[in-house]
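Observations on chain architecture
Each chain, written out:
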Amino acid sequence: MARVSVVVPFHNAEQYLAEAIASVRAQTFEDWELLLVNDASSDTSPQIALAASVADPRIRLLTAGAGTPVRAAAARNCGIEAASGEFVTFLDADDLYLPEKLARDIELLDRHPDVAMVYGPTEWFWDDANSASVKRENMRREAGVTHDPGSLLSPVLLWNEWQVPCTCSVALRRADLLAAGGFEEQFALYEDQTLWAKVFASFAVYVHGDTLARYRQHPRSSSAMAAAAGQYQFSGAHPSRAKFLDWLAGYLALTRPGDERLAKEVAMVCAPYLPGGPARLAGMVRFTIRKTGKRLQRRADGLYHRIRGRRANV
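Residues numbered from 1 in each chain as written. Predicted model: local features only at pLDDT ≥ 70, side-chain atom pairs only at ≥ 80, totals over all residues. Heavy atoms only, no water.

**Points about the overall build of the protein chain**
As a reminder of what qualifies: Each helix is a run of DSSP H or I of at least 4 residues and each strand a run of E of at least 2, with the numbering of both proceeding from the N terminus. Each residue's exposure class comes from its accessible area (1.4 Å probe, protein chains only) as a fraction of the maximum for that residue type: buried when under 20%, exposed when over 50%, partly exposed otherwise. By definition in these notes, contact holds between two residues if any of their heavy atoms fall within 4.5 Å. For the area figures, the Shrake-Rupley method with a 1.4 Å probe applies, and any residue is considered shielded solely by the protein chains shown.
From N to C terminus, the protein chain includes eleven helices and twelve strands. A buried classification covers 49% of the 314 residues belonging to the protein chain. Put simply, 79% of the contacts in the protein chain that link residues at least 6 apart link residues at least 24 apart. Of the roughly 14,800 Å² of accessible surface on the protein chain, a fraction of 55% belongs to carbon and sulfur atoms.

**Considerations on the pairing of strand S2 (residues 32–38)**
Which entries qualify depends on this criterion: Note on pairing: DSSP must find at least two bridges between two strands before they are called paired. Note on handedness: a crossover is taken as right-handed if, strands pointing away from the viewer, the path from the first strand over the helix to the second is clockwise.
Of all seven residues making up S2, seven are buried, and the element is well covered by its neighbours. When strand S1 (residues 4–10) meets S2, the two strands line up parallel, connected through seven bridges. Note that in S2 the partner of valine 4 across the bridge is tryptophan 32. What joins S1 to S2 is helix H1 (residues 17–25), and the crossover it makes is right-handed. Here S2 pairs with strand S3 (residues 59–63) via five bridges, running parallel. Bridged to asparagine 38 within S3 is threonine 63. Where the polypeptide runs from S2 across helix H2 (residues 45–55) and back to S3, its parallel neighbour, the crossover connection is right-handed.

**Some remarks on the side chain of glutamine 193**
One can find glutamine 193 in helix H7 (residues 191–202). Excluding its chain neighbours within four sequence positions, the residues that come into contact with glutamine 193 are Leu157, Val164 and Phe244.

**Looking at the confidence of the model for the protein chain**
Our working definition: Note: pLDDT gives the predictor's confidence per residue, expressed from 0 to 100.
Model confidence for the protein chain is summarised by a mean pLDDT of 89, while 86% of its residues fall at 70 or above. When the criterion is pLDDT under 50, residues 308–314 qualifies, and its contacts beyond four places in sequence or with other chains add up to zero contacts.

**Details of the sheet that holds strand S8 (residues 134–136)**
Pairing is mixed in the open sheet, where four strands are placed in the order S5-S12-S7-S8. Two strands in the sheet have a free side with no partner beyond their single neighbour: strand S5 (96–97) and S8. Alignment of strand S7 (residues 123–126) against strand S12 (residues 213–217), held across four bridges, turns out to be parallel. Note on S12: the bridge partner recorded for tryptophan 124 is tyrosine 215.

**A few points about the packing of aromatic side chains**
Our working rule: When the centres of two rings from Phe, Tyr and Trp lie within 6.5 Å, Trp using its six-membered ring, the rings pair. Their planes under 30 degrees apart give stacked, over 60 give edge-to-face, and anything left gives tilted.
For the structure on display, the rule yields eight aromatic pairs. Geometrically, the ring pair formed by phenylalanine 244 and tryptophan 247 is stacked, given 6.1 Å between the ring centres and 25° between the ring planes. Here the residue phenylalanine 244 and the residue tryptophan 247 both occupy positions in helix H9 (residues 239–255), the gap between them amounting to three residues, near one helical turn. Each of the two residues, phenylalanine 244 as well as tryptophan 247, counts as buried. Residues tryptophan 247 and tyrosine 251 carry aromatic rings whose centres are separated by 5.1 Å and whose planes lie at 15° to one another, so their mutual orientation is stacked. Here tryptophan 247 and its partner tyrosine 251 are both found in helix H9, four residues apart, which amounts to about one turn of the helix. Classification of tyrosine 251 by relative accessible area gives buried; the value is 18%.

Structural data, given as structure tokens:
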């Protein structure tokens, strides 16, 4: 039995899958198993996965569904169910691990036995021959801290004041992952955030400051295709987030019924999605005041850290 199970769902990912597999095989921590979950691929990616499983006994090829695509959430849940590791991590077929990823995850989970999940910043890179641009997430404000159950829900998932963890940059205890219930399979987008919501609501989480994974940006990614279809945008109201917030409001009402402050925050975040009328107008006023206050606070925090940095270099 491996110490950590890496779950990689793939659907027609022949262009990227071999590179993702290679990034797992390059890990400095070697006590892993890799679960490649085929989601009804019609290209050569199943052959790539099969060849990898033949070459390395730590790699297993699984099949999700019954011949029709089930999407990433269900494919990941299939991998979670088959996993034998004490810990579980995720890697989409077009993303990459840096070599120290698993070693650092295990070190942190061992050092913090009270947390269900650890995560940190991710490097975004653009899959474009004419572009060498990268973006590294900044988790300076939240990193180096164990966050109590419930405390990450508002800044991360409701207001997006702190970075939402990328799927490739998390690690969880499998027992807690199963207790949380896995990913919500009715979601094509925001399925990752349904799991983060479940974990944040009920478990302590540790955030670190190390960049350990790379998140590829390209026109065929789920978010890019959803944006082209008008279902998603990086900021601002959009249909996919409306569906997620509706689910989240119901979930938190059941799991944290006595948290009145959180209920008010959920109502404010949902205001842009209300139909027109007095309720929406009042909600938008509260929403705007809250957003403006937090924007000013972020600017003040940034100025404070810049000043501290200059003084440290004097």
